[in-house]
Amino acid sequence: MPQTTQTPDILAQLQEALSRHDWYYGYSDDHSVWSRGHENAQRIGRLRAQASNAGLAEQAEALYLRYSK
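Criteria and thresholds
Residues numbered from 1 in each chain as written. Predicted model: local features only at pLDDT ≥ 70, side-chain atom pairs only at ≥ 80, totals over all residues. Heavy atoms only, no water. Phe/Tyr/Trp six-rings, centres within 6.5 Å; stacked < 30°, edge-to-face > 60°. Helix = DSSP H or I, 4+ residues; strand = E, 2+ residues; numbered from the N terminus. Buried < 20%, exposed > 50% of the residue type's maximum accessible area, 1.4 Å probe, protein only. Expected span 1.5 Å × (residues − 1). Contact = heavy atoms within 4.5 Å. Axes fitted to C-alpha atoms, helices over the stretch in contact; angles between N-to-C directions. Parallel < 35°, antiparallel > 145°, perpendicular 65-115°, else oblique. Left-handed = near helix turned anticlockwise from the far one by under 90°. Nonpolar A, V, L, I, M, F, W, Y, C, P; charged D, E, K, R; others polar.

Draft legend 1. Representation of the packing of aromatic side chains. Here the structure, examined in full by the defined rule, presents 3 aromatic pairs. Ring geometry for tryptophan 23 and tyrosine 64: centres 5.8 Å apart, planes at 75°, overall edge-to-face. Residue tryptophan 23 is located in the loop between α1 (7-20) and α2 (31-53), and its partner tyrosine 64 is located in helix α3 (residues 57-67); the two are separated by 41 residues in the primary sequence. By relative accessible area, tryptophan 23 is classed as partly exposed at 28%. Overall, the relative accessible area of 23% leaves tyrosine 64 in the partly exposed class.

Draft legend 2. Representation of α2 in the model. An ideal rise of 1.5 Å per residue puts 33 Å on 23 residues; α2 measures up with 33 Å between its terminal C-alpha atoms. Among the residues of α2, Gly37, Asn40, Ile44, Leu47 and Ala51 are the ones counted as buried. Buried positions along α2 lie against α1 and α3. In the segment just after α2, glycine 55 is the residue with positive phi, at about 85°.

Draft legend 3. Main features of the packing of α1 against α3. Close contact between α1 and α3 brings their axes to 10 Å; oriented N to C, the two are set at 15°. With respect to α3, the element α1 is oriented roughly parallel. The hand of the α1/α3 crossing is right-handed. Contacts from Leu11, Leu14, Gln15, Leu18 and Ser19 of α1 reach α3 at Gln59, Ala60, Leu63, Tyr64, Arg66 and Tyr67. When grouped by side-chain class, the residues that make up the contact of α1 with α3 number 7 nonpolar, 3 polar and 1 charged.

Written out as C-alpha cells, the structure is:
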C-alpha cells in the first residue's frame, strides 16, 4: 500500500501516545485514572490500525513492543 505524507505523523502520534500511556491504569482504584487509561488505550489501538492500513504494521508493532514492556 502506498505511503502518504500522513504516514510519519501516524507513527509520531503512536509513539507519543505510547510514551505517555499509564500501563498500569487497570490496577487503579480511581475511576478517573482508569477512564483516562482506557481512553488512551483505545486511541493507541486506533493509531495502530491506521498505521497498519498505511502499510506500517511492522513499525507500529515494534513501537508497541518497545513501550509495552
